[in-house]
Amino acid sequence: MKVTDRRRLRRARMAALGLTPALGTRRSPVPALEVTRGLGALQAQDYMSGVWSIGVRSGLTLAEVEQAVADRQIVRTWPMRGTIHWVPAEDARWMCELLARRVIDGMGPRYAQLEITADEIERAGMVFEEHLQEPMSRPDVLALLADHGIDPSGQRTYHLVGHHCMTGMLCQGQLAGRQPTFVLIDSWIPHSRNVSREEGMRTVIDRYVRSHGPVTERDVAGWVAGTLGFAREALELLCDAIVREQVDGRTWLTHVDATPGAARRGAVHLLPQWDEFLLGYKSRDVTLPDEHVARVVPGRNMVFQPTIVVDGEVAGTWTRNQVKDSVVVQARPFTRLTATARRGLEASTAAYGRFLGQETDLRIEDD
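Reading guide: rules and limits
In every chain, residue numbers begin from 1 and rise along the written sequence. Note on the predicted model: pLDDT of at least 70 is required for a residue's local features to be given, and 80 or more for side-chain atom pairs to be given and counted; whole-chain, interface and lining totals, by contrast, use all residues. In computing side-chain values, all of the structure's heavy atoms are included and hydrogens and water are not. Only DSSP runs of H or I reaching four residues or more are called helices, and only runs of E reaching two or more are called strands; each is numbered from the N terminus. Throughout, exposure labels follow a simple rule: accessible area from a 1.4 Å probe, protein chains only, divided by the maximum for the residue type, with under 20% read as buried, over 50% as exposed, and the rest as partly exposed. Throughout, a contact is declared for two residues whenever any of their heavy atoms are within 4.5 Å. Whether two strands pair depends on DSSP finding at least two bridges between them. Axis definition: a line fitted to C-alpha atoms, limited for helices to the stretch in contact. Angles are taken between N-to-C directions and run from 0 to 180 degrees. Only the six-membered ring of Trp is used, alongside the rings of Phe and Tyr, when aromatic pairs are assigned; centres must lie within 6.5 Å, and planes under 30 degrees apart are stacked while those over 60 apart are edge-to-face, with the rest tilted. Comment: the charge-over-ring label is applied if NZ (Lys) or CZ (Arg) is within 6 Å of the ring centre and within 35 degrees of the ring normal. Throughout, nonpolar core names a set of buried Ala, Val, Leu, Ile, Met, Phe, Trp, Tyr and Cys residues whose side chains join them through atoms within 4.5 Å. Angles below 35 degrees are treated as roughly parallel, those above 145 as roughly antiparallel, those between 65 and 115 as roughly perpendicular, and all remaining angles as oblique. Each residue is assigned to one of three groups, with Ala, Val, Leu, Ile, Met, Phe, Trp, Tyr, Cys and Pro labelled nonpolar, Asp, Glu, Lys and Arg labelled charged, and all others, Gly among them, labelled polar.

Colleague: How would you summarise the side chain of E120 if you had to cite specific residues and measurements?
Modeller: Turning to its location among the elements, E120 is positioned in helix 8 (residues 118–131). For E120, a relative accessible area of 10% corresponds to the buried category. Contact partners of E120, with chain neighbours within four places excluded, come to E115, I150, D151, R156 and L160.

This is the structure we're talking about:
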């Protein structure tokens, strides 16, 4: 792919993903619900990474993101790919019902390994319906299952709870200390939207293409863990809203209402582990050069490192370490940073500190 084509595609993605303008230049924060609804869902299996995915797009603090959870505007649950995401609270149930079935149907071999039977799944659901009207921490859920004669050992509790999150029965509530909690969706969420299958498909894919484009059909299918047939059916429902363009032998899809790609040249971002910037696509070569894949995904096992992004391209990784009352951001750029990129990294680190409400100390490995 030509350098100019890659640059244009990645800058368009940065704008669509809500990563422009740069965080430090925004006049006012964007509500967490608006960010979550705009992107459709944000992957969030690691809690601190997940909240920063919202923070880096919104300008909100950690406390303000968590207030949106307390206000029941956004929730974490398992709508697709068998993975935890932030979603708008009112959309959590129908998104799970529409998108998670294919994952559930593929869990048979794993359930067999753990000796989880259909009867246990049904009994666990009955227990949850009776006892999870209020949020209950993971250790308490484990004890609850044991008290009702259901073996909670190993990964069994995780899968029993996850199954009933994927069906749309449960979601996560607020943290209890550092522990996640689980609660009935119908008890926790004030209002759940009811949508038809076609309306749900149209809504999900409209939000995805609008907030992630340019994308390919494979990106669409991969994001919802669906088939290409599902992706094409949904795209057909949006035919008038999709712009198709041929670049480098691939067809790229963009929403007609896409945010203009006005990314500031050389803008630097500290993005969290498992951010939509990479996890939202099959076609990651636009933003992650092949020669750096092994450094971002050691072992190529889908365990992504937090990334330093310069002008829409992955340019390094970073880690966060708590040292007394401050946070040390250890940056590992792939090449020596320019003076402009270094200043951008310093500004991004300061923005991360404001999000956490803590002092931050940037250390760059090439120093």
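Picking up after the structure, the text goes on.
Colleague: Describe the sheet that holds strand 5 (residues 170–172), and please don't skip the residues or the numbers.
Modeller: As summarised here, the arrangement of the three strands in space is 4-6-5, forming an open sheet in which the pairing is antiparallel. This sheet does not close on itself; its edge strands, each paired only once, are strand 4 (136–137) and strand 5. By the bridge criterion, two bridges tie strand 4 to strand 6 (residues 181–184) in an arrangement that is antiparallel. Within strand 6, the residue paired with M136 across the bridge is F182. On the sheet, helix 10 (residues 156–166) packs against strand 5 and strand 6 and is oriented at approximately 110 degrees with respect to strand 5.

Colleague: How would you sum up the packing of aromatic side chains? Please name residues and give values.
Modeller: Counting across every chain of the model gives eight aromatic pairs. Linked through ring pairs, W52, W318, Y352 and F355 together constitute an aromatic cluster. Cation over ring: R13 sits above Y281, and NZ or CZ is 3.7 Å from the ring centre. Looking at R72, its charged tip hangs above the ring of W188, at a distance of 3.8 Å from the centre.

Colleague: Any chance you could break down the sheet that holds strand 13 (residues 359–364) for me, citing the residues and the numbers?
Modeller: If you trace the five strands from one edge of the open sheet to the other, you get 9-10-11-12-13, paired in mixed fashion. Two strands lie at the open edges of the sheet, namely strand 9 (268–271) and strand 13, each paired on one side alone. Strand-to-strand twist in this sheet, taken as the mean axis angle between neighbours without regard to direction, amounts to 30 degrees. Alignment of strand 11 (residues 313–323) against strand 12 (residues 326–333), held across eight bridges, turns out to be antiparallel.

Colleague: Quick rundown of the nonpolar core? Include the residues and the values.
Modeller: Core analysis: the largest hydrophobic core is formed by 83 residues, its most contacted members being I74, W86, I205, V220 and F277. Look past the residues within four positions of F277 in its chain and what remains in contact with it is M14, L17, L19, R57, L271, T287, V309, G312 and V314.

Colleague: Which residues make up the packing of helix 5 (residues 92–99) against helix 12 (residues 197–212), and what are the values?
Modeller: Remark: helix 5 packs on helix 12, axes separated minimally by 10 Å, with the N-to-C direction vectors making an angle of 100 degrees. One way to sum up the angle between helix 5 and helix 12 is to call them roughly perpendicular. Note on element contacts: helix 12 touches helix 5 through R197, G200, M201, T203 and V204, opposite W94, L98 and L99. Within the contact of helix 5 with helix 12, the residues separate by chemical class into five nonpolar, two polar and one charged.

Colleague: Account for the pairing of strand 3 (residues 83–88), naming residues and giving values.
Modeller: Taking burial as the measure, the six residues of strand 3 include six buried ones, the bulk of the element. Strand direction decides the pairing type here: strand 1 (residues 42–43) and strand 3, joined by two bridges, are antiparallel. What sits directly across from Q43, in strand 3, is H85. Pairing of strand 2 (residues 74–80) with strand 3 involves five bridges; the strand directions are antiparallel. Directly across from M80, in strand 3, lies its bridge partner T83. Once strand 2 ends, the chain turns through two residues before running back antiparallel as strand 3, passing R81 with a positive phi of about 60 degrees.

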